[in-house]
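Each chain, written out:
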Amino acid sequence: MFDTGTSAFMLVSTMLVALMTPALAFFYGGLARRKNVVNTMLLCIACVGIVGVVWVLIGWSLAYGGDGENPFIGGFDQIGLLGLTQQIISDSSNMPGILTALGDPASVASVDKLSYPHAIDVAFQMAFAMISTAIMSGAVAGRMKFGPMLIFSGIWVVIVYAPLAHMVWGGDASFIGGVIGALDFAGGDVVHISSGVSALILCIFLGTRRGYGALTYRPHNVPTTLLGAGLLWFGWFGFNAGSAFAPDGIAALALINTLVASAAGCFSWMLVEYFTTKKPTLIGAATGLISGLVVITPGAGFVEPLSALVMGLIVSPICFWGMSRLKARLGYDDALDAFGCHGIGGIVGGILTGVFCVPELSWTSSGGLIYTGSFDLIISQVLGIVVTLMYVAVSVSVISFLLKKCCGGSLRVSRDEESLGLDVSVHGESAYPAFLGLD
Amino acid sequence: MKKIEAVIRPEKLEVVKDALLDIHIAGMSVSQIMGCGLQHGWSEYVRGSEIMLQMMPKVNITIVARDERVDEIIDCIRAAAYTGDVGDGKIFVSPIEQVIRIRTGERDGDALA
């Protein structure tokens, strides 16, 4: 029967990951302009809505269905989760197909059969899909039509996220995880690189905000951003430790590494700010915390805590550079730094996992550079990232292009709507109506 | 009667208020404003990118007083709000036609403290 400890652990981890999407709404909301805060936060919450529907109908099946033999896609056998309840009823104790679909030999080795109800996996991965989709809203803040963004999100889960999840975590036959042998413990590639790069491409199709570069854009509510960052941090423990799929030493390692890397990221960012502008900021510390979380995500259960420390220290200067110099130089308007934080952080983490992966913990026969002296794993990691980038670039470009055509040539709101602010013009809802207490 | 509006630094509000109280001016309206003059804005850094903020927060104190008290009030505000740096603010004086106390209906001079 099911192991109660594991079941409880996975149930709680699912809840923690589910918290992350509302947390992201606060994180982005505080960073947005006052006149767009409802829109910015609603885009995250609407992802809960859209992804929930799509995941049940087809997302789960495409990502984790099938027999595990297809390198790119799951299957259509679990559409609508139709067989799930029957499975629960008839005691789903022996599901070798699902175990390979999880692609996690480390925890498979210790249990002969699934030690917790299969239904939890559906929910756990649904929460992953929700947060991944919500991340992209950060790049389009302030100027994108609302309906098209929801449509984009729904299509993205089906076309980009689900196949990518299968390609990385679909078992031995999966293209990125099995064939190329790239490692991704909790979603550095599947979640962060995919959403970060998708966000970048979408925001390029969308165009910059009016007055970008000339006007000043300040976060309108700094405390709210920290609130979001803190809740994200809390939820991330479920995100990383839960990806061990067992309440064991690997989960403990993932938890420690998450704590260490985020701390190092936060500390490192404040150092960078101190040395560049002499003034460490709260937004900076919160961003460093998140960057540290992102960088450790692909390697949470693969690296030693000291390596996690190094990874956290390294990622902040790189993300800082990405969000300031790179963005300024290339001129794209990644409004809330979805690519700068998640895209760049995910890529750095993926590559560093190839450096620091402890050989005994690896899901493949390759270990990190510092232990084995071999570049094999780094090459696999880079290849995996390249494949991801190519797939995301092509698919998101096509989706954005077609969507743009269907929206009368523009994904943006009108000039007037943009100046008035999306809250009032698109949603008819202002975030702080009683400004002076005049109700 | 005259309306005296003083735009001052926010941190000087308490000092000015206390100074006015010392010369028995107890009634005033205070509002927060954003403004700029000779004092150019300042820069903030958000995630490494510099943001120039042109408008600075200031405080607007409005007092309506009898003509004979105006000079005294101006001197008082100047002394209290002064720092010597650019950005100390300005005082504007304009005429007032009528003043009515709502509670009693008193007018003009009687309505002012």
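The preceding data block contains the structure.
Notes on the structure in this doc start here. Everything quoted here is computed from the prediction, not taken from an experiment. (Residues numbered from 1 in each chain as written. Chains lettered and ligands numbered in written order. Predicted model: local features only at pLDDT ≥ 70, side-chain atom pairs only at ≥ 80, totals over all residues. Heavy atoms only, no water.)

## Some words on the overall build of chain A
Counting its regular elements, chain A contains 18 helices and zero strands. For 439 residues, the compact-globule formula gives about 22 Å, and the C-alpha radius of gyration of chain A, at 21 Å, lands near that figure. Seen through its principal axes, chain A has C-alpha atoms that stretch 60 × 50 × 40 Å. By the burial criterion, 58% of the 439 residues in chain A qualify as buried. Considering only intrachain contacts with a sequence separation of at least 6, the fraction spanning at least 24 residues in chain A is 77%. When the accessible area of chain A is evaluated, it comes to approximately 16300 Å², of which 70% is carbon and sulfur surface. Of the side chains in chain A, 18 bear a positive and 25 a negative charge, and the two mean positions are spaced by 23 Å. (Helix = DSSP H or I, 4+ residues; strand = E, 2+ residues; numbered from the N terminus. Rg over C-alpha atoms; globule rule 2.2 N^0.38 Å. Buried < 20%, exposed > 50% of the residue type's maximum accessible area, 1.4 Å probe, protein only. Contact = heavy atoms within 4.5 Å. Areas by Shrake-Rupley, 256 points an atom, 1.4 Å probe, with all protein chains shown as cover. Lys, Arg positive; Asp, Glu negative; His and termini not counted. Charge placed at Lys NZ, Arg CZ, Asp CG, Glu CD.)

## Overview of the sheet that holds strand 2 (residues 29-35) of chain B
Residue and element names in this part refer to chain B. Judged by pairing direction, the sheet is antiparallel, and its four strands sit side by side in the order 2-5-1-6 without closing on themselves. Edge strands, defined here as strands with exactly one partner in the open sheet, are strand 2 and strand 6 (89-95). Adjacent strand axes in the sheet meet at a mean angle of 20° when their direction is disregarded. Of the pairings in the sheet, the one linking strand 1 (residues 2-8) to strand 6 comprises seven bridges and is antiparallel in character. Bridging from a neighbouring strand, I8 pairs with G89 of strand 6. Where helix 1 (residues 13-22) meets the sheet, its contacts fall on strand 1, strand 2 and strand 5 (56-65), and the angle it forms with strand 5 comes to roughly 15°. (Pairing = 2+ DSSP bridges. Axes fitted to C-alpha atoms, helices over the stretch in contact; angles between N-to-C directions.)

## What about the environment of B:L13?
Residue and element names in this part refer to chain B. Residue placement: L13 occurs in helix 1. Taking relative accessible area as the criterion, L13 reaches 18% and is therefore assigned buried. Note: C-alpha distance between L13 and V59 (46 residues apart in sequence) is 7.2 Å. In this structure, L13 is in contact with I8, V30, V59 and I61, ignoring residues within four places of it in sequence.

## Concerning the side chain of A:R143
All names here are of chain A. Among the secondary structure elements, R143 is positioned in the loop between helix 6 (118-136) and helix 7 (146-169). The class of R143 is buried, set by a relative accessible area of 0%. A polar side-chain atom of R143 sits 2.6 Å from the main-chain carbonyl oxygen of G207. A distance of 2.8 Å separates the side chain of R143 from the backbone oxygen of D333, its partner in a polar contact. Residues contacting R143, with those up to four places away along its chain left out, are C203, L206, G207, T208, R209, D333, A335, L411, R412, V413, E418 and L422. (Polar contact = N/O pair within 3.5 Å; in protein donor to acceptor, adjacent residues only side chain to side chain.)

## Some points on the packing of aromatic side chains
Residues and elements named next belong to chain A. Applying the stated criterion across every chain yields a total of 18 aromatic pairs over all chains. A ring pair is formed by F124 and F245, whose centres lie 5.7 Å apart and whose planes are at 80°; its orientation type is edge-to-face. One end of the pair, F124, is in helix 6; the other, F245, is in the loop between helix 10 (222-241) and helix 11 (249-277), with 121 residues separating them in the sequence. Their ring planes at 75° and their centres at 5.6 Å tell us that W269 and F320 sit as a pair that is edge-to-face. (Phe/Tyr/Trp six-rings, centres within 6.5 Å; stacked < 30°, edge-to-face > 60°.)

## Quick notes on the interface of chain A and chain B
On the side of chain B, nine residues touch chain A, which itself brings 17 residues to the contact. Where chain A abuts chain B, roughly 1000 Å² becomes buried across the two surfaces, and 58% of that area is made up of carbon and sulfur atoms. The tally of links between chain A and chain B comes to two salt bridges. With its nearest N and O atoms 2.8 Å apart, the salt bridge here joins B:R47 to A:D337. In this assembly, chain A and chain B are joined by five residue pairs in polar contact (both at pLDDT 80 or more). Among the elements that take part in the side of chain A that touches chain B, helix 13 (residues 305-330) of chain A stands out by supplying four residues, more than any other. Class assignment of the residues belonging to the side of chain A that touches chain B gives a composition of nine nonpolar, five polar and three charged. (Buried area = accessible area lost by both parts, 1.4 Å probe. Salt bridge = Lys/Arg side-chain N within 4 Å of Asp/Glu carboxyl O. Nonpolar A, V, L, I, M, F, W, Y, C, P; charged D, E, K, R; others polar.)

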